[in-house]
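Reading the structure
Residues per chain are reported as follows:
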Amino acid sequence: MASKPTPAQLKRLRQVAEGKVYRSGSSWIANFFIRGTNECIPYTMMGRMHKAGWIDVERKDDIFYYDVVLTEAGRRLLGQSLICLLYTSDAADEGLGVD
């Protein structure tokens, strides 16, 4: 399992947490999309996040479409990144340095 996501992966994890990402196709070499847009996500990124244990899929009623969901590890990881962002934001508001 990878220990630290890239900023681009964190962005995707947030979109997954918001329920915006779905997959069309039955394998990880498939098309991933953001709901309500024409934006396609590279399957290589999604495959790496799946292999890291951060995301999985749940089959919808339709046999061809799957919701991408966070695993427990993905939820913990995303929660940790939010705590770090809040901490550094608070420190910046107070004019403090963060080591």
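Computed from a prediction, not measured in an experiment: that's the story for all the values here.

Reading the values: the criteria
- Counting starts from 1 at the beginning of each chain's written sequence and moves along it residue by residue.
- With the structure being a predicted model, the display of local features is reserved for residues of pLDDT at least 70 and the display and counting of side-chain atom pairs for 80 or more, all residues being used for whole-chain, interface and lining totals.
- The side-chain numbers reported here are obtained from all heavy atoms of the structure, hydrogens and water having been left aside.
- By convention in these notes, a salt bridge is any Lys or Arg side-chain nitrogen within 4 Å of a carboxyl oxygen on Asp or Glu.
- To qualify as a helix, a DSSP run of H or I must reach at least 4 residues; to qualify as a strand, a run of E must reach at least 2; elements of each kind are numbered from the N terminus.
- To sort residues, take the accessible area from a 1.4 Å probe on protein chains only and compare it with the maximum for the residue type: under 20% means buried, over 50% means exposed, and anything in between is partly exposed.
- Being paired, for any two strands, means DSSP has found at least two bridges between them.
- Should any heavy atoms of two residues lie within 4.5 Å, those residues are counted as being in contact.
- Axis definition: a line fitted to C-alpha atoms, over the contacting stretch in the case of helices. Angles run 0 to 180 degrees between N-to-C directions.

Brief notes about the pattern of salt bridges
Under the definition given, this model contains five salt bridges. Between Glu72 and Arg75 there is a salt bridge, with its nearest N and O atoms 3.0 Å apart. Placement of the pair is Glu72 and Arg75 together in helix H3 (residues 72-94), with a separation of three residues, close to one helical turn. Given the relative accessible area of 45%, Arg75 is considered partly exposed. Between Glu72 and Arg76 there is a salt bridge, with its nearest N and O atoms 4.0 Å apart. Here the residue Glu72 and the residue Arg76 both occupy positions in helix H3, the gap between them amounting to four residues, near one helical turn. You can call Glu72 partly exposed: its relative accessible area is 44%. Residues joined in a network through salt bridges with shared partners are Glu72, Arg75 and Arg76.

Observations regarding the sheet that holds strand E1 (residues 21-24)
With antiparallel pairing, the five strands of this open sheet are ordered in space as E3-E2-E1-E5-E4. The sheet is open, and its two edges are formed by strand E3 (40-41) and strand E4 (55-59), each paired on a single side. Sheet topology places strand E2 (residues 31-34) next to E3; two bridges connect them, and they run antiparallel. Bridged to Phe33 within E3 is Cys40. Those strands touched by helix H1 (residues 7-17) are E1, E2, E3, E4 and strand E5 (65-70), and its axis lies near 110 degrees from that of E5. Along the sheet face, helix H2 (residues 43-51) touches E1, E2, E3, E4 and E5 and points at about 100 degrees away from the line of E4.

Considerations on the pairing of E1
Pairing between E1 and E2: four bridges, direction antiparallel. Paired with Ser24 across the two strands is Asn31, which belongs to E2. In sequence, E1 turns back onto E2 through a hairpin of six residues, with Gly25 there showing a positive phi of about 120 degrees. Where E1 meets E5, three bridges bridge the pair, whose relative direction is antiparallel. When the bridges of E5 are listed, Ser24 appears paired with Tyr65.

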